[in-house]
Amino acid sequence: MMSWWLSPNEAEALLLSLRVAFWSVLIGLPFGIAAAWLLARRTFFGKTLFDSLVHLPLVVPPVVVGYVLLITLGRKGFIGGWLYDTFGLSLIFTWRGAAIAAGVMSFPLMVRAIRLSFEAIDQRLEVAARTLGASRIDVFFTITLPLALPGILAGIVLAFARALGEFGATITFVSNIPGETRTLPLALFTFTQTPGGEDSAIRLVVISLALAIAALIASEMIARRVRRQIGS
Amino acid sequence: MLDVAVKHALPNFQLDVSFAAQSAGITVVFGESGAGKTTLVNILSGLTRPTEGRIVVGGRVLLDTQLGTDLSPDQRRIGYVFQDGRLFPHFRVAKNLTYGYGRRRRRTERRITFDQVVNLLGLSELLERRVTGLSGGERQRVAIGRALLTSPTLLLLDEPLANLDLPRRRAIIPFIERLRDELAIPIVYITHDQDELIRLADTVVLLDHGRTVASGGLENTLSRLDLGGLTGGIDAGAVFSVSVAGHDDAFGLTKLNFDGGELVVSRLAIPHGTRLRIRVRARDVALALEKPRDISTLNVLSGKIIEMSSGSGPQVDILIDVGKPLWARVTRKSTADLALAPGKLVYALIKSVAFDRFVEQS
């Protein structure tokens, strides 16, 4: 009879995943909003290229993303090297690196959801706000952002769920260090490769599924509620 | 107070508009769809930059393409009331109203208060309501209130009643008149509706295909024969300012006084002394060379012919001075038979029952 209680290893993986996913979404959010706004509202030279770059992590093998992160942010990479020399900050083999990997992989999902929200806003309302004395920035924070809230929240939850499930980029960039970078998917994989790890693997599978389903349901419910409040 | 001269070139359209208004009052910009009204409004509010032009409101230069001045919409202090209201759905009515109020940074510039606006437009019942539940008329009143609370130097209303049905329109027009009477803000009112024009305008700016065809006081402009097609077509005619002089209860009639005479019309439920504007449709005016006897028409006004339209069509428009310019439309045949010509004294006959549409002025 299998126990449903988590062993310390499993609990550690779960908590680490939550922490990594949380930070990846938090840091990614301002960039996600900015990218979504640019794509929704502006035309500029190179927009298609920019759009493609944003969506790249969705279509490219995650291992490739991880490798690119390794060569740029690793200790010998041109950004990573600078970080290490100037601040003593190392990203590889740390949970911070795992957060970056997760953040990059979930970025396109976040941008897509937020962009749709921006596009759904009636720009005539923004025009009206300007005639009432609001500057462009004022309009963005008092009109655009509040009205885009359903999409932003949906984007956050989706990105969070995706970050929880990130494997290929994480293991390539920051490898599989228990307690530091062994997130839920990595722990699951490890257990399937370990004799006697089947019970652990099953428990983690159930948790992963539960988290994913909960995230999707929450995303939809939040979006619906906010949409009602906004009255659109 | 208001000085506008702008030119703008669009793909299939050239806009060339200029007009001025000396005092606070309602300037109606009147024209058909496609005449350039929306373009003009966007230029006034700063949303479109014209090819060249100059806009001065209350001594403040909002735009001068020659000097390179172009204030952005949020700097122009023009209260813009949109045809579709555009209330913010994520704020309740009260918060919509005050959106622009706090953005008027200098407290001394906040001349219009919240309570003043709520009273003026009858909004006290609506303050806590959600925007989505409001009727069209309520929405427009809130939109007007919101624009007013920015203490604008000019109020711009872009066909504000176009999306409302007739009863709603009739209900809101008095509010707009109160704005003119109680606040000293110049108002520019865009419309293609004749009733609104006749009722609200102090000054008219007529737009046709992007050009200012005429601008000036309402009565003078509407009496111009050359503008007939633009100011009313088959309903064209002179506008008279009258006041209610008395009622004849026995026969259900009302007497109206104007500068130079009196008109008798069907009984109006309007108190003695009220000032009105009425339109006398040119096609309702018949002419005679002698004062008729034993005729059913109650209104017989005499005067000399000032002007006659020319042309080979079957109708002729004739302007007669009966104390005020009166416009008659008769057949060219009759004009020939009666040998009508400028300077001739004639009698204008207007049937009382012809006055079936009234516009009130408080």
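Residues numbered from 1 in each chain as written. Chains lettered and ligands numbered in written order. Predicted model: local features only at pLDDT ≥ 70, side-chain atom pairs only at ≥ 80, totals over all residues. Heavy atoms only, no water.

### Points about the overall build of chain B
Part 1 of the reasoning: Looking only at helices and strands, chain B features nine helices and 21 strands.
Part 2 of the reasoning: With the principal axes as the frame, chain B shows a C-alpha extent of 70 × 50 × 30 Å.
Part 3 of the reasoning: Counting the 362 residues in chain B, one finds 54% classified as buried.
Part 4 of the reasoning: Of the contacts formed within chain B by residues at least 6 apart in sequence, a portion of 66% connects residues at least 24 apart. (Helix = DSSP H or I, 4+ residues; strand = E, 2+ residues; numbered from the N terminus. Buried < 20%, exposed > 50% of the residue type's maximum accessible area, 1.4 Å probe, protein only. Contact = heavy atoms within 4.5 Å.)

### Section: the interface of chain A and chain B
Part 1 of the reasoning: Every contact between the two is made by 20 residues of chain A and, on the other side, 22 residues of chain B.
Part 2 of the reasoning: Here chain A meets chain B over a buried area of about 1,900 Å², counting both sides, of which 61% is carbon and sulfur.
Part 3 of the reasoning: Per-residue buried area on chain A facing chain B is highest for A:R130, A:T131 and A:L132; these three make up 35% of the total on that side.
Part 4 of the reasoning: Where chain A packs against chain B, one counts two salt bridges.
Part 5 of the reasoning: For B:D74, the salt bridge identified is with A:R130, shortest N-O distance 2.5 Å.
Part 6 of the reasoning: Here chain A and chain B share five residue pairs in polar contact (both at pLDDT 80 or more) between them.
Part 7 of the reasoning: For the side of chain A that touches chain B, the secondary structure elements donating two or more residues are α6 (123-131), α7 (136-147) and α11 (198-230) of chain A.
Part 8 of the reasoning: No other element matches α6(A), which puts seven residues into the side of chain A that touches chain B.
Part 9 of the reasoning: Among the residues making up the side of chain A that touches chain B, the classes are represented as 11 nonpolar, six polar and three charged. (Buried area = accessible area lost by both parts, 1.4 Å probe. Salt bridge = Lys/Arg side-chain N within 4 Å of Asp/Glu carboxyl O. Polar contact = N/O pair within 3.5 Å; in protein donor to acceptor, adjacent residues only side chain to side chain. Nonpolar A, V, L, I, M, F, W, Y, C, P; charged D, E, K, R; others polar.)

### Considering the packing of helix α4 (residues 136-148) of chain B against helix α5 (residues 166-182) of chain B
Residues and elements named next belong to chain B.
Part 1 of the reasoning: One way to put it is that α4 packs onto α5 with a least axis distance of 10 Å and a crossing angle of 15°. Considering the angle they form, α4 stands roughly parallel to α5. Here α4 runs over α5; the crossing is right-handed. The residues of α5 that touch α4, namely those facing G137, Q140, R141, I144 and L148, are R168, I172, F175, I176 and L179.
Part 2 of the reasoning: For the contact of α4 with α5, the residue count by class is six nonpolar, two polar and two charged. (Axes fitted to C-alpha atoms, helices over the stretch in contact; angles between N-to-C directions. Parallel < 35°, antiparallel > 145°, perpendicular 65-115°, else oblique. Left-handed = near helix turned anticlockwise from the far one by under 90°.)

### Focus on the nonpolar core
Part 1 of the reasoning: Of all hydrophobic cores here, the largest spans 58 residues; its most connected members are A:F118, A:I143, B:I55 and B:F88.
Part 2 of the reasoning: Sorting elements by how many residues they give to this core places helix α1 (residues 8-41) of chain A first, with seven residues.
Part 3 of the reasoning: If we ignore the near neighbours within four places in the chain, the residues touching B:F88 are A:L125, A:A128, A:A129, A:L132, A:I143, B:N96, B:Y99, B:V131 and B:R146.
Part 4 of the reasoning: Formed by 47 residues, the second largest nonpolar core is a distinct cluster that contains B:V28, B:A201, B:A214 and B:L227. (Core = buried A, V, L, I, M, F, W, Y, C linked by side-chain atoms within 4.5 Å.)

### Overview of the sheet that holds strand β20 (residues 345-350) of chain B
Residues and elements named next belong to chain B.
Part 1 of the reasoning: Strand order in the open sheet formed by five strands is β16-β20-β17-β18-β19, with antiparallel pairing between adjacent strands. Each edge of the open sheet carries a strand with a single partner, namely β16 (285-288) and β19 (325-331). Ignoring which end each strand starts from, the neighbouring axes of this sheet average 45° apart. (Pairing = 2+ DSSP bridges.)

### A look at the environment of B:V57
Residues and elements named next belong to chain B.
Part 1 of the reasoning: Inspection of the secondary structure assignment puts V57 in strand β4 (residues 52-57).
Part 2 of the reasoning: Looking at V57, the relative accessible area reads 2%, which means it is buried.
Part 3 of the reasoning: Here the alpha-carbon distance between V57 and A341, two residues 284 residues apart in the chain, equals 45 Å.

### Some thoughts on the pairing of β4(B)
All names here are of chain B.
Part 1 of the reasoning: The sheet contact formed by strand β1 (residues 2-10) and β4 spans six bridges and is antiparallel. If you follow K7 over to β4, its bridge partner there is E52.
Part 2 of the reasoning: Judged from the four bridges that link them, β4 and strand β5 (residues 60-64) form a sheet pairing that is antiparallel. The partner of R54 across the bridge, within β5, is D64.
Part 3 of the reasoning: Linking β4 back to β5 in an antiparallel pair, the connection comprises two residues, with G58 at a positive phi of about 55°.

### Brief notes about the confidence of the model for chain B
Part 1 of the reasoning: Mean pLDDT over chain B stands at 88; residues scoring 70 or higher make up 96%.
Part 2 of the reasoning: At the level of chain-chain contacts, confidence expressed as ipTM amounts to 0.82, with global pTM at 0.83. (pLDDT = per-residue confidence, 0-100.)

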